[in-house]
Amino acid sequence: MGSPVLSIVVTVLNERENIIPVCQELAGVLPKLPACEIVFVDDGSVDGTLEKLIEARATISGLQKLRVLRHNRRCGKSGALRTGIKNANGSWIATIDGDGQDDPSEIPALFALGLSGQKTGRAPLVVGTRLKRSDTIWRRLATRFANGLRQRILSDECPDTGAPMKVFLREDFLNLPQFEGLHRFLPALMKTYKVPLVCKPVNHRSRLHGESKYTNLGRAIVGVRDLLGVVWLRNRTRLPETVEEC
């Protein structure tokens, strides 16, 4: 297998019980993809997540080259994504969560949409929208409110802007200003950088084991603060229409 075209980046925090089943599903989807690598970023777990990742690499067929990056302290999901994407070798990135709620079998179709957009024009950001979420009623209501507020203020045209499953060009992500919470605003920020958006409904499942690391109140407080920051960033971004070397 040559250099990877696609890097699947998975961020995890204290997901020990979910590592093996998620890795098994990822291994099963690899034959349906072009040259591909899987990069896990452990954001400072303390429950044995790292040991399970090493076990998965040693025991699951097809994952002998699984890459595992580890933060020595918790940096947040956006920081973990940046670590994985910055160190990825593929020109394309696919992101999923490591709790089992995302279905890796959706990745080939999302990637195909990205390639199709690139062939006909500008490579897009492809978002796997969760139309039927397998979460608690309170989390679904909180997410619906947050998505509605973001759409009204940012006009990002994405019904599920915080969806974990996304496919995009590595360079498009690294061009963005980096801050914790960035992952919730990718459609709006990439739109500012003229990256088109493609949305595709995907399967969403209940978490395999454990609980979410965030409360609805915590998400709401941080989300409003970040939303104001993104409004400021977009208003202060100045990009040329063209660049010529003379």
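Residues numbered from 1 in each chain as written. Predicted model: local features only at pLDDT ≥ 70, side-chain atom pairs only at ≥ 80, totals over all residues. Heavy atoms only, no water.

Participant: Lay out the pairing of strand β2 (residues 36-42) with the relevant residues and their values.
Facilitator: The buried fraction of β2 is high, at seven of seven residues. Alternating residues of β2 divide into C36, I38, F40 and D42 and E37, V39 and V41, and every residue in both groups is buried. Both strand β1 (residues 6-12) and β2 contribute to a ladder of seven bridges, which runs parallel. When the bridges of β2 are listed, V9 appears paired with V39. (Buried < 20%, exposed > 50% of the residue type's maximum accessible area, 1.4 Å probe, protein only. Helix = DSSP H or I, 4+ residues; strand = E, 2+ residues; numbered from the N terminus. Pairing = 2+ DSSP bridges.)

Participant: Before we move on, can you summarise the sheet that holds β1 with the specific residues and values?
Facilitator: The seven strands lie next to each other as β3-β2-β1-β4-β6-β5-β7, forming an open sheet whose pairing is mixed. Every other strand in the sheet has two partners, leaving β3 (67-70) and β7 (197-201) as the edge strands with one partner each. Here the strands of the sheet are splayed against their neighbours by 20° on average, with no regard to which way each runs. Alignment of strand β5 (residues 125-129) against β7, held across five bridges, turns out to be parallel. Residue pairing in the sheet places G128 in a bridge with K200 of β7. Lying over the sheet, helix α1 (residues 16-29) contacts β1, β2 and β4 (92-97), oriented at roughly 165° with respect to β2. (Axes fitted to C-alpha atoms, helices over the stretch in contact; angles between N-to-C directions. Contact = heavy atoms within 4.5 Å.)

Participant: So, helix α3 (residues 77-86): which residues are in play, and what are the values?
Facilitator: Those residues of α3 lying buried are K77, S78, A80, L81, G84 and I85. Summarising the axial view, the buried residues of α3 lie within an arc of 160°, below the 170-degree limit, and thus occupy one face. The elements touched by buried residues of α3 are β1, β2, β3, β4, β6 (166-169) and α6 (170-174). (Arc of directions from axis to C-beta.)

Participant: Tell me about the pattern of salt bridges, and name the residues and values.
Facilitator: Considering all chains together, one arrives at ten salt bridges under this definition. The shortest N-O distance in the salt bridge between R70 and D42 comes to 3.6 Å. Of this pair, R70 sits in strand β3 while D42 is found in strand β2, placing the two residues 28 residues apart along the sequence. One connected set of salt bridges, linked through shared partners, spans E25, D103 and R205. (Salt bridge = Lys/Arg side-chain N within 4 Å of Asp/Glu carboxyl O.)

Participant: I'd love a proper account of the nonpolar core, names of residues and values included.
Facilitator: The biggest cluster of nonpolar side chains holds 33 residues, and the ones touching the most others in it are L6, I8, L26, F40 and I107. When contributions to this core are tallied by element, the ones reaching two or more residues are β1, α1, β2, α2 (49-59), β4, α4 (107-120) and β6. In terms of residue count, the dominant contributor to this core is α1 (seven residues). If near-sequence neighbours (up to four positions away) are discounted, I107 is found in contact with L6, I8, L26, L33, A94, I96 and M165. (Core = buried A, V, L, I, M, F, W, Y, C linked by side-chain atoms within 4.5 Å.)

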